[in-house]
Amino acid sequence: MKSYIDGELRDLGPEFGEFFDRSRTAIVSIDLHRGHLEDDPLCPCPAPRARDIVPPVDAFHRQARELGVPVIHVRSTLRAGGIDDVAGRKSAWRLVFPLHVGAIGNADAHAIEGTRWTEFVTEVEERDLVVSGKKRLSAFYPTDLDFLLRNMGIGTLVLDGCLADCCVLNTAFDASNLGYRVVVPRDLVAGTNPPLEEAAMRIIAMHVGLVTDGAVLLDAWRQ
């Protein structure tokens, strides 16, 4: 069992065993859909760095399934017409994010249900579970993710996906506040840019849970 502490991968003591207990663990894969990952000028909320993590995330999920660890795919979906957001009270990110990255031309189309932007890019198998209805930055809000996890008897969440400094970070905080153990494989998340990604990982490691690598988790689960 190993975790990154101050950027260094270190061994952990037995008190961290529940973070690596595969019998009560689920993977929560966040927002790896076309609305973030499509290489298209019309992509409504591009997260280009996250395209690189799709193959390793798929490989990680395949091995986890073989070990009996369930995979839950979470996607953002807003009602057609935008009353949940652009046609109602806009979410804060729509106002502040462009101040840093520039205008996003097709942003109003982000996460609208029934559009191609909500289609997953990662592999989704029949045995996997899907949580839709994420409307803000946390996978818990306002979805039934917590309800689902508690009915599954899950105590530890492994978070992958995008963005590390946004939805992954927010989900990690909510999960910890709700009493779950949180593990983030840093090679299976992507941030807005490298500094923000690193900052998010250090915040999670300091206050919320463990940051490790996908291979470390798989090795621990196999043992």
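Please read all numbers here as calculations on a predicted model, not as lab measurements.

The rules behind these values
- Residues numbered from 1 in each chain as written.
- Predicted model: local features only at pLDDT ≥ 70, side-chain atom pairs only at ≥ 80, totals over all residues.
- Heavy atoms only, no water.
- Buried < 20%, exposed > 50% of the residue type's maximum accessible area, 1.4 Å probe, protein only.
- Helix = DSSP H or I, 4+ residues; strand = E, 2+ residues; numbered from the N terminus.
- Pairing = 2+ DSSP bridges.
- Right-handed = clockwise from strand over helix to strand, strands pointing away.
- Axes fitted to C-alpha atoms, helices over the stretch in contact; angles between N-to-C directions.
- Parallel < 35°, antiparallel > 145°, perpendicular 65-115°, else oblique.
- Contact = heavy atoms within 4.5 Å.
- Nonpolar A, V, L, I, M, F, W, Y, C, P; charged D, E, K, R; others polar.
- Core = buried A, V, L, I, M, F, W, Y, C linked by side-chain atoms within 4.5 Å.

Engineer: What's the story with the pairing of strand 7 (residues 181–185) in this structure? I'm lost.
Structural biologist: Residues in a regular strand point their side chains to alternate faces of the sheet. Counting buried positions along strand 7 gives 4 out of 5 residues, so the element sits mostly inside the fold. Relative to strand 7, strand 6 (residues 156–162) is paired through 3 bridges, and the arrangement is parallel. Across the sheet, residue Thr 156 finds its bridge partner in strand 7, namely Arg 181. Crossover handedness for the path strand 6 to helix 5 (residues 164–177) to strand 7: right-handed. Both strand 7 and strand 9 (residues 210–212) contribute to a ladder of 3 bridges, which runs parallel. If you follow Val 183 over to strand 9, its bridge partner there is Leu 210.

Engineer: Before we go on, may I ask you to explain the packing of helix 2 (residues 54–66) against helix 7 (residues 214–222) in this structure?
Structural biologist: What describes two packed helices is the angle between their axes and the distance between those same axes. In contact at an axis separation of 11 Å, helix 2 and helix 7 are set at 10 degrees when each is read in the N-to-C sense. Taken together, the axis directions place helix 2 and helix 7 in an arrangement best described as roughly parallel. Packed against helix 2, whose contacting residues are Phe 60, Gln 63 and Ala 64, the element helix 7 presents Gly 214, Leu 217, Leu 218, Trp 221 and Arg 222 at the interface. Of the residues in the contact of helix 2 with helix 7, the class split is 5 nonpolar, 2 polar and 1 charged.

Engineer: Looking at this structure, how should I read the nonpolar core?
Structural biologist: In globular proteins that are soluble, nonpolar side chains generally tend to be buried together. Counting 58 residues, the largest nonpolar core has Leu 149, Leu 157 and Trp 221 as its most contacted members. Broken down by element, this core gets its largest block of residues, 7 residues, from helix 5. What Leu 149 contacts, discounting residues up to four positions off in sequence, is Ala 26, Ile 72, Phe 140, Ile 154, Leu 157 and Tyr 180. One finds Cys 45, Trp 93, Phe 97 and Ile 104 within the second-largest nonpolar core, a separate group that totals 5 residues.

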